[in-house]
Amino acid sequence: MSQSQSGFTKQMARNIFYGGTVFFALLFVALVFHTEQQIPQRSNAQAITPAVVAGKKIWETRNCIGCHTLLGEGAYFAPELGNVYKRRGGDFIKAG
Ligand code: HEC
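Just so it is clear, the structure is predicted and the values come from calculations on it, not from any experiment. (Residues numbered from 1 in each chain as written. Predicted model: local features only at pLDDT ≥ 70, side-chain atom pairs only at ≥ 80, totals over all residues. Heavy atoms only, no water.)

**Describing the overall build of the chain**
The following threshold applies: Numbering of helices and strands runs from the N terminus, with a helix taken as a DSSP run of H or I at least four residues long and a strand as a DSSP run of E at least two residues long. When we talk radius of gyration, it's over C-alpha atoms, and the globule rule is simply 2.2 Å times the number of residues to the 0.38. Each residue gets one of three labels from its accessible area relative to the maximum for its type: buried under 20%, exposed over 50%, partly exposed in between, using a 1.4 Å probe on protein chains only. Any pair of residues with heavy atoms lying within 4.5 Å of one another is described as a contacting pair. Values of accessible area rely on a 1.4 Å probe in the Shrake-Rupley scheme; residue burial ignores everything except the protein chains shown.
In terms of regular secondary structure, the chain is built from five helices and two strands. Ordered by position from the N terminus, the helices and strands of the chain form the series α-α-α-β-β-α-α. In summary, the chain has a C-alpha radius of gyration of 26 Å against a globular reference of 12 Å for 96 residues, an excess of more than 25%. Along the longest, intermediate and shortest principal axes, the C-alpha atoms of the chain span 85 × 30 × 25 Å. Taken across its 96 residues, the chain has 5% of its residues classed as buried. Long-range contacts, defined here as pairs at least 24 residues apart, represent 0% of the contacts in the chain between residues at least 6 apart. For the chain, the accessible area works out to roughly 8500 Å², and carbon and sulfur atoms hold 65% of it.

In structure tokens, the structure reads:
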């Protein structure tokens with residue numbers, strides 16, 4: 001059986017390969033560009049005060065995540081802390 005009888009040639013396979021590669025490479029570049037555009041709006045960088053930085057440092061160095069979750073990430077031993085301010089109020093959260 002010759003190639004032309006099969007209906008699907010090496011040339012067609014090659015075109016699909018190159019076409020698909022170019023298409024998805026361009027799609028990838030477009031999505032990376034789109035993500036880069038979104039980061040400033042989504043990171044809330046303007047809301048990161050020294051208190052926020054200090055809290056993050058405590059979270060990272062005191063193993064809070066060993067027992068708690070933060071927005072679902074972490075261990076399931078102790079209550080979720082992402083919504084603790086809403087549940088318990090500011091007075092409960094205040095240190096000292
Ligand atoms: C050894 C496990 C463990 C570690 C580590 C831990 N916690 Fe907890 N935490 C608990 C448990 C258990 C409770 C629930 C106590 C209760 O309800 O009586 C709790 C309660 C809390 C609460 C009150 C939550 C609520 O909804 O009532 C806060 C806030 C809290 N922890 C913050 C922290 C912070 C911040 C850290 C890190 C500095 C931390 N925890 C580290 C086990 C832990």
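The discussion continues.
**Points about the site of the ligand**
Where we set the bar: Consider each residue's heavy atoms; a residue with any of them within 4 Å of a molecule or strand counts as near. Here a polar contact means two N or O atoms within 3.5 Å. Within protein one must be a hydrogen donor candidate and the other an acceptor candidate, and residues neighboring in sequence count only if both atoms are side-chain atoms. Charged means Asp, Glu, Lys or Arg here, nonpolar means Ala, Val, Leu, Ile, Met, Phe, Trp, Tyr, Cys or Pro, and polar covers whatever is left, Gly included.
Around the ligand, the structure places 14 residues, and the nearest of them are C64, C67, H68, R87 and R88. H68 is positioned such that a nitrogen or oxygen atom in its side chain is 2.7 Å from a nitrogen atom of the ligand. Contact distances for the ligand include 2.8 Å between an oxygen atom and a side-chain N or O atom of R88. Of the residues belonging to the shell around the ligand, the class tally is nine nonpolar, two polar and three charged.

**Comments concerning the confidence of the model for the chain**
The test is simple: Known as pLDDT, the predictor's confidence for each residue is given on a scale from 0 to 100.
Averaged over all residues, the pLDDT of the chain is 91; the fraction at 70 or higher stands at 94%. In the model of the chain, helix 1 (residues 3–6) stands out as the element of lowest mean pLDDT, 60, in contrast to helix 2 (residues 10–42), which has the highest, 96.

**Overview of the layout of surface pockets**
Applied cut-off: Put simply, the grid is 1 Å and covers the protein atoms alone, a cavity is a trapped set of points that fit a 1.4 Å probe, a pocket is an open set with protein on both sides within 12 Å along at least five of seven lines, and lining residues have an atom within 4 Å of a point. Grid points are joined across faces, edges and corners, and a volume is the space filled by probe spheres set on the points.
By volume, the largest pocket amounts to about 540 Å³. Per-element tally for the lining of the largest pocket: the top contributor is helix 3 (residues 50–61), with seven residues. Classifying every residue of the lining of the largest pocket by side-chain character gives nine nonpolar, two polar and one charged. Each pocket or cavity is described by its volume, and for the second largest pocket that value is around 240 Å³. Every residue lining the second largest pocket is listed: P79, L81, V84, R87, R88, F92, I93, K94 and A95. Among the elements of the structure, helix 4 (84–88) and helix 5 (90–93) are those that each provide at least two residues to the lining of the second largest pocket.

**Overview of the coordination of the iron atom of the ligand**
Just so we agree on the cut-off: The donor set covers N, O and S atoms within 2.8 Å of the metal, switching to 3.2 Å for Na, K and Ca, and it leaves out water, so a site may look short of donors.
Among protein residues, the single donor to the iron atom of the ligand is H68 (NE2), with a metal-donor distance of 1.9 Å. With respect to the helices and strands, the residue H68 is situated in the loop between helix 3 and strand 1 (69–70).

**Some points on the side chain of T69**
Following the sequence through the fold, T69 ends up in strand 1. Note on T69: relative accessible area 4%, which makes it buried. A polar atom in the side chain of T69 sits 2.7 Å from the side chain of E80. Among residues more than four places away in sequence, those in contact with T69 are W59, G74, A75, Y76, A78, P79, E80, L81 and G82.

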